[in-house]
Amino acid sequence: MSYNLEVHSQDSVLLHIDSRDASRYLQSDITSYYQFLLKDKVICPENQSLLVSLHSASIPYSFYNIRTQTNNTIDLRISDYTTGSPVGTHTAVLSLPAANYNAFSIADIISTSIPALFVAHYSFVINISYDNDTNKLTFNLTPTNADAAKVLRLEFLFSTGANTKIACFTELGFKIEDVFMDKDTNLTSTNCLDINGSIHGIFIRTNLTSKSILDSQNGNLSNILGRVPIDIQPGGVIFHRARDSIFHSIVKSKDITNLTIKLTDERNRLLDLNGLHFQVGIKIDFLYDRPKNPEPTREERRVKGVRKEQQEEKQLEQALYNESEAT
């Protein structure tokens, strides 16, 4: 969609907002969700509309791919299948500390943490290997000490566990299904690892827009102002530049007195920048409203109908004339 910004429309306004200047943070002290009150209102003339776009952004890559209460848990169940039937069943929940993990570091913490959860009941070790060619993990369980002869089965309850909604199955390459391993059965990731925790882009959401961009998660138009792709490693700064802004959204409001800005992942989950701040530039253009064509009167509709009938008659006469000439 393109817009024609009239020469005589009001000059564009560019808002450069820094999260450290927020009027208030809307969730504890998380800097990625705040409200900013404008001392000078942006006023739209009566015969114009506001055209809003994301002009620029600089966001530190300080958020984690494994986040508390988002994707950091695994529900576990272990049983002794030595006699063929499960006995001595115990359950536990592994909660991974929030951090930026890679395939090797997440494998290390899982392999050391799970045996510690069940140390009062069973003795075993878990070995996890990462295949760089397939981007998958392979899990192996080996009973040790007094349990060396037992057939211990460890299940990952990604489907039936109490914490399914915040489980890290995607990050480990699994579907939403229960899986298991024992000393005779290795467990290999079903899918490739998505260790980024489903953060492939940052969505900047505001109170300015609500009917312009479709969010496929719920199928509704949303408050997304723009999406910033992530093309750097953790620890750097993610940039969005003016040349990348190709989408504009018409805002029906006639004045802007405050801004609510929120950073989320593609599943509309808040990103925590862990104390760091970010900047956004929001461009506001002014667009003349197109005058609406008035509804035709009854007489205008009648005249139009008569003219259409006359035109059809002429076309029929011409067709008959052409046919007679041809013969």
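Anyway, here's the lowdown on the structure attached to this text. All values derive from a computational prediction rather than experimental measurement. (Residues numbered from 1 in each chain as written. Predicted model: local features only at pLDDT ≥ 70, side-chain atom pairs only at ≥ 80, totals over all residues. Heavy atoms only, no water.)

1. Considerations on the sheet that holds strand β8 (residues 136–143)
Here is the rule: Should DSSP find at least two bridges between two strands, the strands are taken to pair. Starting at the N terminus, helices and strands are each numbered in turn, a helix being any DSSP run of H or I of at least four residues and a strand any DSSP run of E of at least two. Contact definition: two residues touch when any of their heavy atoms are within 4.5 Å. Every axis in this analysis is a line fitted to C-alpha atoms, fitted for helices over the stretch in contact. Angles between the N-to-C directions lie between 0 and 180 degrees.
Spatial ordering of the open sheet is given by β7-β8-β11, a layout of three strands whose pairing is antiparallel. At either end of the open sheet lies a strand with only one pairing partner, and these are β7 (124–131) and β11 (187–188). The pairing of β7 with β8 spans eight bridges and is classified as antiparallel. Bridged to I126 within β8 is L141. Packed on one face of the sheet, helix α1 (residues 103–117) meets β7 and β8 and runs near 170° to β7.

2. Concerning the packing of aromatic side chains
Note the threshold: Pairing of aromatic side chains here covers Phe, Tyr and the six-membered ring of Trp, requires ring centres within 6.5 Å, and sorts the geometry by plane angle: under 30 degrees stacked, over 60 edge-to-face, intermediate tilted. Throughout this description, buried means an accessible area under 20% of the type-specific maximum (1.4 Å probe, protein chains only), exposed means over 50%, and partly exposed covers the range between. Two conditions define a charge sitting above a ring: the NZ of Lys or the CZ of Arg must be within 6 Å of the ring centre, and it must be within 35 degrees of the ring normal.
This structure, assessed with the given rule, holds nine aromatic pairs. A ring pair is formed by Y61 and F63, whose centres lie 4.6 Å apart and whose planes are at 25°; its orientation type is stacked. We note that Y61, like F63, is buried. With 6.0 Å between their ring centres and 45° between their planes, F139 and F174 make a pair best called tilted. Of this pair, F139 sits in strand β8 while F174 sits in the loop between α2 (169–172) and β10 (178–181), placing them 35 residues apart in sequence. For the pair formed by F139 and F174, the shared burial category is buried. Put simply, the rings of F139, F156, F158, F169 and F174 touch in pairs and so form one group of aromatic residues. The positively charged end of R153 is found above the aromatic ring belonging to Y81, 4.3 Å away from the centroid. Positioned above the aromatic ring of F180 is the side chain of R153, whose terminal nitrogen or guanidinium carbon lies 4.0 Å from the ring centre.

3. Some points on the pairing of strand β18 (residues 255–264)
Pairing of strand β3 (residues 33–43) with β18 involves seven bridges; the strand directions are antiparallel. Across the sheet, residue I43 finds its bridge partner in β18, namely D255. Here four bridges tie strand β12 (residues 201–206) to β18, and the two strands are oriented antiparallel to one another. Following the sheet pairing, R205 is matched in β18 by K262.

4. Here's the deal with the pattern of salt bridges
The criterion, for reference: Each reported salt bridge corresponds to a side-chain nitrogen of Lys or Arg within 4 Å of a carboxyl oxygen of Asp or Glu.
With the rule as written, the count across this model stands at seven salt bridges. With its nearest N and O atoms 2.9 Å apart, the salt bridge here joins K150 to D147. Here D147 falls in the buried class, since its relative accessible area comes to 8%. Notably, a salt bridge pairs R153 with D182, separated by 3.9 Å at the nearest N-O pair. Of this pair, R153 sits in strand β9 (residues 152–157) while D182 sits in the loop between β10 and β11, and the two are 29 residues apart along the sequence.

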